[in-house]
Amino acid sequence: MAVTGRIDGIPHDVWHTEVLAPQFTYEVKHLLGHYLAIEKVLLLEYVRMDLVGAADAAALGTRLDALGPDAVRADPEQNMSDISFAVERHVQTGDTPPFPAWHVDRSRNDLQACAQLMAAREDLAAVAEDLAAFARAVLDLAGRYTDTPMPGYTHGQAAQIISPGFHLAALAAETIGALRRMLHTYDECDACPLGAGTMAGQELPWDRARMADLLGFARPQPHALVAVASRTWTTLIAGDLAHYAVVLSRFTTDLMTWAGSGFGFLDLPDELAGISAAMPQKRNFPVLERIRGRCAHVVGRATDIAAGQRNTPYTNTVEVSKESGGQLRVQVDTMRSVLRLAHAVVDGATFRADRMRAACAEDHLGGFTLANRLTLDQGIPWRTAQIIAGRYVRHAVRKGLTSGEPDAALLRDCAAESGYDLEGIGDIGDTGDLLTAAFDVDRGLHAKRSAGSAHPDRVRELLAGQDTELDVLGSAWAERAARRAEATGRHGTLLTDLGQRSS
């Protein structure tokens, strides 16, 4: 049976080999189940519109159930190596011939867009599940290190005392933010294209709201042209993944720095370590390099998807729907690989409190606190207090003093240079001494008191709030998954029930 009367001949070998057959294989693997679900929903609509009896529709539904990945293949002569034509041919060769109106008033355009969007929703939900699990792992690791001092860095230099828990709480916040944005993207894209036809709508009274519901969508796409022409959902999803990949790459850079021998703050288990073929003393962590490298691929795919749509006409084109849109699957797979690797790193990571504390003590990270106290306790104007504190640190470093070796006389001299007398500051041994209070490592961690700060209590508040938001987001994602799951198979059950009632 011919597929078309407009074109003589079959697809050229090179066209079949380079384009049609790979596309067919991709769609059988990732979209066939969605195509079959759509076909069953169309059958239910034909029954509703009295174009076929319930028994005949149920028989075709049974024939569709027999169509698995092994039952179809790209055949240039029989189906022009097109998945939609392959489904048609499978039904046409069954024991029950299709009724005359089967596939009347139908187009591949909205069917393909619908199948692609159904797959994309599942992919986005899978990434969200991975993200939520990763966020939980980050929260768990952060909770173990809220009271452990470490240097925080700005411009590559040690700046203030923080904790691994504080830094990781930032990663958790970014991850939860990505989950929140992806949920918004999911809802924005949860509009069914089916029933839009080629581009201008359809001629029969299709119940688009019912079809959307049967396929687990929240609503139909209101505009027929948007339904088949737009692939904004691909750029939205790709953008969400790219944004998070950029963030995760930056945090991975921090982990790489901390795990390096120059710092030695972070360690990973042997199972995540590599060796040097030439230098037996080395323990490398190439897993971190892989994570950062693959984050670049995620970003690159987003650019590819956007570039593939740029300057194309606003209508259905394979350049947009298949050539560009197919990259979304590659991007999703890469992102999920990145998250699996990052999850393993977080699960296995340990921080070396001794190395981090020593690094805090080595630098005079309490300079900011010292300037604050000079102003608040001694009444020295803030900018002058900054100058005195900086002067003290400069001379202390030149004298070889660490932050744990306060020199009250030196501080008095530094203040005197700016015209201030600090004779009442107290002795070095006094626990209330200004220098001791400013440069003590543990006090430095507890010095910040504002909401969202590195103070251990504030970090624990952050983590508790993030844990709660994860619960809320998890429930929201579960609701979307339940809608999809409830729709799965319902169309088949409805067809079966119709057939049984008619017999």
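Predicted model only: the values in this text are computed from it and were never measured.

The rules behind these values
Residues numbered from 1 in each chain as written. Predicted model: local features only at pLDDT ≥ 70, side-chain atom pairs only at ≥ 80, totals over all residues. Heavy atoms only, no water. Salt bridge = Lys/Arg side-chain N within 4 Å of Asp/Glu carboxyl O. Buried < 20%, exposed > 50% of the residue type's maximum accessible area, 1.4 Å probe, protein only. Helix = DSSP H or I, 4+ residues; strand = E, 2+ residues; numbered from the N terminus. Contact = heavy atoms within 4.5 Å. Axes fitted to C-alpha atoms, helices over the stretch in contact; angles between N-to-C directions. Parallel < 35°, antiparallel > 145°, perpendicular 65-115°, else oblique. Left-handed = near helix turned anticlockwise from the far one by under 90°. Pairing = 2+ DSSP bridges. Expected span 1.5 Å × (residues − 1). Arc of directions from axis to C-beta. Core = buried A, V, L, I, M, F, W, Y, C linked by side-chain atoms within 4.5 Å. Polar contact = N/O pair within 3.5 Å; in protein donor to acceptor, adjacent residues only side chain to side chain. Nonpolar A, V, L, I, M, F, W, Y, C, P; charged D, E, K, R; others polar. Disulfide = S-S within 2.5 Å.

A. Here's a closer look at the pattern of salt bridges. The full count for this structure, using the stated rule, is 27 salt bridges. Between R352 and D354 there is a salt bridge, and its shortest N-O distance comes to 3.7 Å. Taking relative accessible area as the criterion, D354 reaches 49% and is therefore assigned partly exposed. Connected through shared salt-bridge partners, E45, R48 and R210 make up one network.

B. Molecular detail of unusual backbone geometry. Phi at H155 takes a positive value of approximately 55 degrees, unusual for a residue other than glycine. In this structure, H155 sits in the loop between β1 (150-154) and β2 (157-162). If you check the backbone angles, N311 has positive phi at about 70 degrees while not being a glycine. With respect to the secondary-structure elements, N311 resides in the loop between α10 (286-309) and α11 (318-324).

C. Highlighting the side chain of T148. If you trace the backbone, T148 turns up in the loop between α5 (108-143) and β1. Owing to a relative accessible area of 14%, T148 belongs among the buried residues under this scheme. If we skip the residues at most four places from it in the chain, T148 touches I162, S163, P164, A353, M356 and L445.

D. Structural context of the environment of D254. Note on placement: D254 falls in helix α9 (residues 232-259). Note on D254: relative accessible area 26%, which makes it partly exposed. Residues D254 and Y153, spaced 101 residues apart in sequence, show a C-alpha to C-alpha distance of 9.7 Å.

E. Spatial organisation of the packing of α5 against α9. Between α5 and α9, the shortest axis-to-axis distance is 10 Å and the interhelical angle comes to 20 degrees. The orientation of α5 relative to α9 falls into the category roughly parallel. In this structure, α5 meets α9 at a crossing whose hand is left-handed. Packed against α5, whose contacting residues are A113, Q116, L117, A120, L124, V127, L131 and F134, the element α9 presents W233, I237, L241, Y244 and L248 at the interface.

F. Fine view of the pairing of β2. One ladder, built from 5 bridges, connects β1 with β2; its direction is antiparallel. Residue pairing for β2: G152 is matched across the bridge by Q160. Between β1 and β2, which follow one another and run antiparallel, lie 2 residues, and H155 among them has a positive phi close to 55 degrees.

G. Up close: helix α3 (residues 54-65). When the terminal C-alpha atoms of α3 are compared, their 16 Å separation across 12 residues agrees well with the 16 Å that a helix rising 1.5 Å per residue should span. Along α3, the residues classified as buried are A54, A57, A58, L60, G61 and L64. Mapping the buried residues of α3 onto a view down its axis gives an arc of 160 degrees, with all of them on the same face. Contacts from the buried residues of α3 go to α2 (32-48), α4 (83-92) and α20 (490-502).

H. Up close: the nonpolar core. Counting 123 residues, the largest nonpolar core has I38, F134, L194, L215, Y244, L248 and W477 as its most contacted members. It is α5 that contributes the most residues to this core, 19 residues altogether. Leaving out residues up to four positions away in the same chain, Y244 has contacts with L131, F134, L171, E174, T175, A178, M335 and L339. L401, L410, L411 and F439 belong to the second largest nonpolar core, which has 19 residues in total.

I. Spotlight on the side chain of H30. Position of H30 among the secondary structure elements: in helix α1 (residues 13-30). Overall, the relative accessible area of 19% leaves H30 in the buried class. A polar contact of 3.4 Å, which involves the side chain of H30, links it to the side chain of R329. Sequence-distant contacts of H30, that is, excluding residues within four places in its chain, are made with A119 and R329.

J. Quick look at the packing of α1 against α2. With their axes 4 Å apart at the nearest point, α1 and α2 run at an angle of 70 degrees to one another. One element, α1, and the other, α2, form an angle in the roughly perpendicular class. Contacts between α1 and α2 involve E27, V28 and H30 from the former and L32, H34 and Y35 from the latter. Residue classes in the contact of α1 with α2 are distributed as 3 nonpolar, 2 polar and 1 charged.

K. Structural detail: the environment of V330. Relative to the helices and strands, V330 resides in helix α12 (residues 327-348). Separated by 105 residues in the primary sequence, V330 and L435 have C-alpha atoms spaced 56 Å apart.

L. Seen up close, the state of the cysteines. Throughout the structure, instances matching the rule amount to 0 disulfides. Free of any disulfide, C192 has its nearest cysteine sulfur in C114, 3.8 Å distant.

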